[in-house]
Structures are given as structure tokens and as C-alpha cells.
Amino acid sequence: MADVKAKRKIHPSNGGVRVMKRTKKTVLPLTDLSEFVYVPRGFPKKLALPLVLLLESHFGNVSRPIVTMFGKTGPLPRKCLSSGTMCRGFSYKNAVVPRIPLSGVLEETFNWAIDYAEIPFNLVLMNQYTVNKSKKLKDKVGMHSDVNSAIDQNFGIFSVSLGQGRDFDVEPRDKADRRKYRQHLSHRDLVLMKAGAQAKFLHGIPARVAEGIRYNLTFRVVR
Ligand SMILES: O=C(O)CCC(=O)C(=O)O
């Protein structure tokens, strides 16, 4: 339901007070959108713990990429890794995303994702969202859509969440549409963003105060 707040503001033209209406975005369940499929606890239990352990060890060896966004240069608010069957490396905002071998439980997961989503993925990007000392989790992904020219829009993007639960937000690219969709993603939850979803919607992971580390893997087809 739309939450409407009234805000008093001095109107400059007449010095009088007028009441401005500020509308908050209406938050709806992600399951309302046919372009997204949410599967709670869909990731195989037997792969989850070995995969978390593998990711934990690899992320321990990398630092946050330094990127320039909106004119500011600094560390990305999360760590990233890549893997897959594509030959060349993957870059994000001109920072090369470190690549890890597609072997062991990661290879098993990659093949499982191809079979499960029935999409011939050739790249997996992995994110680690950590907790800082004050337990204020600043790590996030701003609202964006994966419309990079390298990403083949004929295929969906499939995501696996592991570890600490976090909200996943979706909103129409059309700013006039004030709807917003939110799904809390827990350990082993899956989201498929179908082909065509990126053209219509933005998605992101807002910053949260949290106790633990979250891992996310997004499987993509790149050209
Ligand atoms: O962490 C997530 O669930 C989403 C990650 C994401 O949007 C991205 O890597 O582009």
C-alpha cells in the first residue's frame, strides 16, 4: 500500500506555507512479476556448505576492486570473483574481476545451474558481502540492470544466494512507475531473471546491518 507523507514547505513565490505530498514507493512481493522466478531453498543442500567453504578461501585472497562510479574512485562495496568456460577474463567498470578455476564443487554447481535453468551459461560472477567491525554492513549492489553489451540478452540470469539473508530489490526502469518489489533472499534461495527482465527492471541489494557474510553467484551467458 502506498505510504503518503505530507511535508510542509515554504513556497518561495508567496512566502506562504504549502503542503507538499511525498509518495514513497509501493513495496510489492517479487512473485508479482512474471519476469522473475523465485525458488526458496532450491539450491542443493549437499553443494551449499562445500561451496561456501571454497568461496570463503578464495575471497580471503582478493581485495575490493577499485572502480570509478559517478565520478568517484574508490573500492567497490563488495568483493567479486569470476569463473566459467568463456576464454577471456571479465571486467567490471574497467576493473578486471579475478578469475578462479572452474573445478571441484564450483564446476559441479556450474553444471547443476546449466541443467536446472536450462540455459547454456558460460560465466559465473560471485559476490561477497561482508560485515564490518561495527556490524554495520555497508556492502551492497546499487540499483542497476545487467545490460552490458557483453551479456547476451537472449538468455536469463540465474542467481544463487548463500549465507546471510539479504533483501533483493527490483524496480521498473521507467521512473514514472512507482512500484518497487522486494524479496528477502535466504541461504540456498534461487532467482531467475528471465530474458527481457533487464530491459524493463533494475535490481540491487541494499546495504543492511547484518551478522554474517553473504555470497551470491550469478550465472550469465556472455558473448
Ligand atoms: O547479490 C545479488 O543477489 C545480486 C548481484 C547482482 O546484481 C550483480 O552481480 O549484478
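Just above, that's the structure.
None of these values were measured; they are calculated from a predicted model. (Residues numbered from 1 in each chain as written. Predicted model: local features only at pLDDT ≥ 70, side-chain atom pairs only at ≥ 80, totals over all residues.)

J.: For this particular structure, what's the right way to read the site of the ligand?
T.: Around the ligand sit Leu-125, Asn-127, Val-141, Asp-146, Ser-159, Ser-161, Phe-168, His-203, Ile-205, Asn-216 and Thr-218, and that is every residue in its neighbourhood. Counting residues per element, the ones that place at least two in the shell around the ligand are strand E10 (123-129), strand E13 (157-163), strand E17 (201-205) and strand E19 (214-220). By residue class, the composition of the shell around the ligand is four nonpolar, six polar and one charged. (Near = placed C-beta within 6 Å. Helix = DSSP H or I, 4+ residues; strand = E, 2+ residues; numbered from the N terminus. Nonpolar A, V, L, I, M, F, W, Y, C, P; charged D, E, K, R; others polar.)

J.: When you look at the nonpolar core in this model, what are you seeing that I'm missing?
T.: The nonpolar side chains of a soluble globular protein tend to be buried, and buried together. By size, the foremost hydrophobic cluster in this structure holds 39 residues, and its most contacted members are Phe-36, Phe-121, Val-124, Leu-125, Met-126 and Phe-219. When near neighbours in sequence (up to four residues on either side) are disregarded, Val-124 contacts Ser-82, Ser-83, Gly-84, Phe-110, Leu-217, Thr-218 and Phe-219. (Core = buried A, V, L, I, M, F, W, Y, C linked by C-beta atoms within 7 Å. Buried ≥ 20, exposed ≤ 12 C-beta atoms within 10 Å, placed from the backbone. Contact = placed C-beta atoms within 7 Å.)

J.: Is there a simple way to think about the sheet that holds strand E14 (residues 166-172) in this case?
T.: Strand-to-strand pairing in sheets goes through backbone hydrogen bonds, with the strands running parallel or antiparallel. Strand order in the open sheet formed by five strands is E3-E15-E14-E17-E12, and the pairing between neighbours is mixed. Two strands in the sheet have a free side with no partner beyond their single neighbour: strand E3 (26-29) and strand E12 (141-144). Strand after strand, the sheet turns through a mean of 25° between neighbouring axes, direction not considered. (Pairing = 2+ DSSP bridges. Axes fitted to C-alpha atoms, helices over the stretch in contact; angles between N-to-C directions.)

J.: Explain the pairing of strand E15 (residues 179-185) here, please?
T.: A regular strand carries its side chains on alternate faces of the sheet. Where E3 lies against E15, four bridges are found, and the strand directions are parallel. What sits directly across from Thr-26, in E15, is Arg-179. In the sheet, E14 pairs with E15 via five bridges, with the strands oriented antiparallel. In the sheet register, Val-170 faces E15, and the bridge partner there is Tyr-181.

J.: In this structure, what is going on with unusual backbone geometry? I would like to understand it.
T.: Peptide bonds are mostly trans, and most non-glycine residues show a negative phi. With phi around 50°, Arg-41 is a residue other than glycine that occupies positive phi space. With respect to the secondary-structure elements, Arg-41 resides in the loop between strand E4 (36-39) and helix H1 (45-59). Residue classification places Arg-41 among the exposed positions, given that 12 C-beta atoms sit within 10 Å. Positive phi, close to 55°, is recorded for Glu-118, a residue that is not glycine. Relative to the helices and strands, Glu-118 resides in the loop between helix H2 (104-117) and E10. C-beta crowding within 10 Å serves as the criterion here: with 10 such atoms nearby, Glu-118 is assigned to the exposed category.

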